[in-house]
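# Remarks on the overall topology
If you want the building blocks of each chain, they are given just below.
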There are 2 protein chains.
Amino acid sequence: MDKLRGVAVVAHSGGPTQVINASLAGVFEECRKHEEITALWGARHGILGVFEERFYDLYRHDPAVISAASRAPGSALGSCRYKVQPEDHQRILETFRRHNVRYFFYTGGNDSMDTALKVSQLAAESGYELRLIGVPKTVDNDLVETDHCPGYGSAARFFACAVRDIGNDLRTLPRRVSFLEAMGRNAGWLVASAALARRRPDDPPQLIYCPERSLSEEQLVTDVEAVYRRDGYAVIAVCEAQRNEKGKPFGADHAIPDAFGWSVTGNLSHILASVINRRLKLRARSEKLGLLGRSSAACVSEVDRREAYLCGQAAVQAAIGGVTGMMVTLERDEGAEYCCTTGLTELDNVANAERLLPPEWINEAGNDIMPAFVHYAAPLAGPIDPLPRLEETLAPAAAG
Amino acid sequence: MDKLRGVAVVAHSGGPTQVINASLAGVFEECRKHEEITALWGARHGILGVFEERFYDLYRHDPAVISAASRAPGSALGSCRYKVQPEDHQRILETFRRHNVRYFFYTGGNDSMDTALKVSQLAAESGYELRLIGVPKTVDNDLVETDHCPGYGSAARFFACAVRDIGNDLRTLPRRVSFLEAMGRNAGWLVASAALARRRPDDPPQLIYCPERSLSEEQLVTDVEAVYRRDGYAVIAVCEAQRNEKGKPFGADHAIPDAFGWSVTGNLSHILASVINRRLKLRARSEKLGLLGRSSAACVSEVDRREAYLCGQAAVQAAIGGVTGMMVTLERDEGAEYCCTTGLTELDNVANAERLLPPEWINEAGNDIMPAFVHYAAPLAGPIDPLPRLEETLAPAAAG
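Residues numbered from 1 in each chain as written. Chains lettered and ligands numbered in written order. Predicted model: local features only at pLDDT ≥ 70, side-chain atom pairs only at ≥ 80, totals over all residues.

## What about the overall build of chain A?
Selection criterion: In this text, helices come from DSSP runs of H or I with a minimum length of four residues, and strands from runs of E with a minimum of two, each type numbered from the N-terminal end. Based on C-alpha atoms, the radius of gyration is set beside the globule rule, defined as 2.2 Å times the residue count to the power 0.38. Three exposure classes are used, based on other C-beta atoms lying within 10 Å of a residue's own C-beta, which is placed from the backbone: buried for 20 or more, exposed for 12 or fewer, and partly exposed in between. Here the contact rule is simple: place C-beta atoms from the backbone, and any two residues whose C-beta atoms are within 7 Å are in contact.
Helices and strands together make up the secondary structure of chain A, namely 15 helices and 11 strands. Against the globule reference of 21 Å for 400 residues, chain A gives a C-alpha radius of gyration of 23 Å, in line with a compact fold. Referenced to the eigenvectors of the C-alpha coordinate spread, the extents of chain A come out at roughly 85 × 55 × 35 Å. The buried share of chain A, reckoned over its 400 residues, is 58%. Taking the contacts inside chain A whose residues are at least 6 apart along the sequence as the reference set, 76% of them involve residues at least 24 apart.

## So, the interface of chain A and chain B
Filter applied, for reference: Put simply, Ala, Val, Leu, Ile, Met, Phe, Trp, Tyr, Cys and Pro go in the nonpolar bin, Asp, Glu, Lys and Arg in the charged bin, and everything else, Gly too, in the polar bin.
The interface is formed by 75 residues belonging to chain A together with 75 residues belonging to chain B. The set of elements that each furnish at least two residues to the side of chain A that touches chain B consists of β2 (37-43), β3 (55-57), α3 (63-69), α6 (152-171), α10 (268-280), β9 (284-288), α11 (292-295) and α15 (390-393) of chain A. Residues belonging to the side of chain A that touches chain B are distributed by class as follows: 36 nonpolar, 25 polar and 14 charged.

## A closer look at the domain arrangement of chain A
Residue and element names in this part refer to chain A. The condition is simple: Note that the domain bounds reflect an automated or database-derived domain assignment.
Partitioning chain A into structural domains gives domain 1 (6-151 + 298-350) and domain 2 (153-294 + 357-381). One C-alpha centre belongs to domain 1, the other to domain 2, and the line joining them spans 33 Å. At the junction of the two partners, domain 1 supplies 17 residues and domain 2 supplies 17 residues.

## Here's the deal with the nonpolar core
The tendency in soluble globular proteins is for nonpolar side chains to be buried as a group. The following threshold applies: Here a nonpolar core is just a set of buried residues of the types Ala, Val, Leu, Ile, Met, Phe, Trp, Tyr and Cys, joined wherever their C-beta atoms sit within 7 Å.
Ranked by internal contacts, the top residues of the largest apolar core, which has 268 residues, are V9(A), F105(A), A315(A), V9(B), F105(B) and A315(B). Apart from residues no more than four positions distant in its own chain, A315(A) is found in contact with V27(A), F105(A), I133(A), V135(A) and V328(A).

## What about the sheet that holds strand β2 (residues 37-43) of chain B?
Residues and elements named next belong to chain B. Note the following rule: A pair of strands is labelled paired if DSSP reports no fewer than 2 bridges between them. Orientation is described by lines fitted to C-alpha atoms, with helices fitted over the stretch in contact, and by angles between N-to-C directions that extend from 0 to 180 degrees.
Spatially, seven strands are ordered β3-β2-β1-β4-β5-β10-β11 in an open sheet, and the strand pairing comes out mixed. The sheet terminates laterally at β3 (55-57) and β11 (340-346), the two strands that pair on one side only. Each strand axis lies, on average, 30 degrees off the axis of its neighbour in the sheet, ignoring direction. Judged from the five bridges that link them, strand β1 (residues 6-12) and β2 form a sheet pairing that is parallel. Paired with V9 across the bridge in β2 is W41. In this fold helix α1 (residues 20-31) packs onto β1, β2, β4 (101-108) and β5 (131-136), with an angle of close to 170 degrees to the strand it touches most, β1.

## Focus: helix α5 (residues 110-125) of chain B
Residues and elements named next belong to chain B. As a reminder, the rule being used: Multiplying 1.5 Å by the helix residue count minus one yields the expected span of that helix.
The terminal C-alpha atoms of α5, which comprises 16 residues, lie 23 Å apart, in line with the 22 Å expected from a rise of 1.5 Å per residue. Among the residues making up α5, those that are buried are N110, S112, M113, T115, A116, L117, V119, S120 and A123. The inward-facing, buried residues of α5 contact α2 (47-51), α4 (86-98), β4, β5, β10 (326-332) and α13 (347-350). A positive backbone phi angle near 70 degrees is found at G127, which sits one or two residues after α5.

## What to know about the packing of helix α6 (residues 152-171) of chain B against helix α14 (residues 371-381) of chain B
Residues and elements named next belong to chain B. Selection rule: In this scheme, roughly parallel covers angles under 35 degrees and roughly antiparallel covers those over 145, while 65 to 115 is roughly perpendicular and the rest are oblique.
Close contact between α6 and α14 brings their axes to 8 Å; oriented N to C, the two are set at 100 degrees. When the axes of α6 and α14 are compared, the pair comes out roughly perpendicular. Residue-level contacts link Y152, G153, A156, R157 and A160 of α6 to A377, L380 and A381 of α14. Residues belonging to the contact of α6 with α14 are distributed by class as follows: six nonpolar, one polar and one charged.

## Some details on the sheet that holds strand β11 (residues 340-346) of chain A
All names here are of chain A. Strands sit in the order β3-β2-β1-β4-β5-β10-β11 across an open sheet of seven strands; the sheet is mixed. Edge positions in the sheet fall to β3 and β11, since each has one partner strand and no second. Ignoring which end each strand starts from, the neighbouring axes of this sheet average 30 degrees apart. Together, β1 (6-12), β2, β4 (101-108) and β5 (131-136) form the strand contacts of helix α1 (residues 20-31), whose direction differs from that of β1 by roughly 170 degrees.

## Quick notes on the relation of the copies chain A and chain B
Two chain copies, one operation linking them: a rotation about an axis together with a shift along it. To keep things clear, this is the line we draw: What sets the superposition is a least-squares fit of C-alpha atoms, and only residues with pLDDT of at least 70 in both copies go into it.
Between the two copies, chain A and chain B, the superposition gives an RMSD of 0.0 Å; the rotation angle is 180 degrees and the shift along the axis is 0.0 Å. Look at the turn and shift together and you get a two-fold axis relating the two. A shared interface surface links the copies, since 100% of the contact residues of chain A are contact residues in chain B too.

## Some remarks on unusual backbone geometry
In this model, P204(A) is joined to P205(A) through a cis peptide bond whose omega is 5 degrees. Positionally, P205(A) belongs in the loop between α7 (189-192) and β7 (207-208). One non-glycine residue with positive phi stands out, namely K281(A), at about 55 degrees. Counting through the fold element by element, K281(A) comes out in the loop between α10 and β9. The phi dihedral of H45(B) falls on the positive side, at around 55 degrees, and the residue is not glycine.

## Some points on the confidence of the model for chain A
We apply this condition: Values of pLDDT, which run from 0 to 100, indicate the predictor's confidence residue by residue.
Mean pLDDT for chain A: 92, with 95% of residues reaching 70 or above. Here the complex is predicted with pTM 0.96, and the ipTM for its interfaces comes to 0.95.

## Quick word on the environment of I362(A)
Residue and element names in this part refer to chain A. Relative to the helices and strands, I362 is located in the loop between α13 (347-350) and α14 (371-381). The class for I362 is buried, based on 22 C-beta atoms found within 10 Å. With 61 residues separating them along the chain, I362 and S301 place their C-alpha atoms 24 Å apart. Discounting chain neighbours no more than four positions away, the residues touching I362 are C210, E212, R213, L357, I369 and M370.

## Here we look at the pairing of β1(A)
Residue and element names in this part refer to chain A. Where we set the bar: Orient the strands so they point away from the viewer; a crossover is then right-handed if the path from the first strand over the helix to the second runs clockwise.
Of all seven residues that make up β1, six are buried, and the element is covered over most of its length. Handedness of the crossover joining β1 and β2 through α1 is recorded here as right-handed. With six bridges connecting them, β1 and β4 associate as parallel partners. Counted as the bridge partner of A8 is Y103 from β4.

## Details of the environment of A11(B)
Residue and element names in this part refer to chain B. Position of A11 among the secondary structure elements: in strand β1. Linking A11 and I47, residues 36 residues apart in sequence, is a C-alpha distance of 6.7 Å. Those residues in contact with A11 that lie beyond four places of it in its chain are A43, G46, I47, G49, V50, Y106 and T107.

The following block contains the structure:
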């Protein structure tokens, strides 16, 4: 095979993760090993940077700077949320032709993989040799064909640690109820990671709701009341996109946005807390951890960081090897020790598909997660130390 | 002075902090040095444990367990939010008499110091020798007579790190606006710590509102619009108790709790984001970090932890020395290097008083914090590494 000489472009798409810059470092360091990649350009603000031809020449910079950036949240190149339109595919390809861009590494979720697929097809149809590889990235963990997605392990680690810490705070005060809200859309991978906060069955959270299952107000009230009666407090993990039994976001029935000027969505945990206030006369509060869930520098999974790097590296290796139109995947070995290697899948398999939690990983009542999920997710999030529970080791005083 | 032999009781009051258990360890380890303290009992769930005579005999336990617990959030003994009533003071004293409790170390904020004062006065009036010392604790940092309060430094560190991380996430995407909500009541010490996230003047957050100053919807809209026009994004730090120009919580004017069943308070950042959505037609979101602000195990200030320990230790030393009716304080040395030692102040000075941010530490426009605050708070929160900003070091490619 003749070597394909030309420029490589790397771009980020959608919301950043805690480790998206580690994938960038993987792309960068691997590209530098291959002389046929004459330059590596980072597109500023993702595909917008390609349209506007705003590129940074990464080879002209100190590798130590790229390496340092790989430990920071946010996107070092800048990202964007732009829904790529059909006419854009041609535009992207024209830019690539103009600058002899022969390698394109596109880091994103299923929307981005669809864009990558279209550009790849267009290049093939027009006889322009382009090696295009998708680098998976999403805290939602909802890409198919891969065991998991870079970004998920760290986001899961953050949420599990937050649930552990807030749960312990609430547990040590009487009569507390709180809803802890994770990001998410249709898939419950992230909210389910609250289960990693538990070491023993009675550790908080006592309830975990996943968006794969609808949640009626009646179930919520019944569940929280039962937990509160049993334990004297309640910690409930919810996903911002949780829907009610009508398939609507909670609070949508009550929306009078004109009068109040605020939308009811984006406010789930507060609405659920208000239901508990009203129905059970309990003081419930809400914590919406929001974007910290994908950006906390203090809660990064080292496994996730390493795998994000490997995915970037594998994308370049595949392209150098002549592959195009594929996305890097993570494949878990079946052994007792956790181990993942990278693989490849056709972009067509991934584009616009969505992987939900397997139904059997949610309990029958729809208010908790099964052990199979914990077995799956624990190695991705990394070790989460349990907090000491002094009350179990302390002996009553003579007076007590 | 004759040695006063008897039992010591330690209790926690109000919301836990990240370092409240470090104060417990300080009390524990110092008590063990003094043979006149025949036992150290931890009251279960604060003053409720005293009423119910639910005590744990801490001397009967492995010191290593107490030491390990000092690194966990939540209250190792359990705490409570109970407004102590006048008739309770007598009840507390009777319990102490019954068990020959001669030392009482009460860890809390200004409410608790008022309780401590009353119990101390009652003991003196009735001729019961009791050495009662307050151990300061509050993330709100609103106690008078002390340079700062144990718990504040870690909460400030958490919020500053969260603002840095979320701010960097938002900064790397175009056209983002978000409100980051800190805990707080009347004092803005905690929300002000968002300023510690900045290394350079143009680092986020661009706006910080403190509850010492009211905020009108008009000012908010004008401020956010100006920042957004200048920077293309906006990160705004707010305190959950921020009030509008009428002195009311935002959204209180619109409250129809019966129809909707939820209260409008507890929802500030969402309401402010909705104002921006409506008035500026910008997509604004909110992150309500809530209780993670006082419980994050990953974001503890080592200075804060050490000082919390010292305050517990100093309380015991004072009591052994014959002092009663006082609270431990932190006194900052005037030297160039940050250094604090402990002091004492009359409980009467502290009880029910509240320390607000000095007016001159808030800028004239009421939307930012002055450098004097940063000088004050930075050593308490500990070093906060800046995040790399690749876009400043990256050179444009030939195409760019």
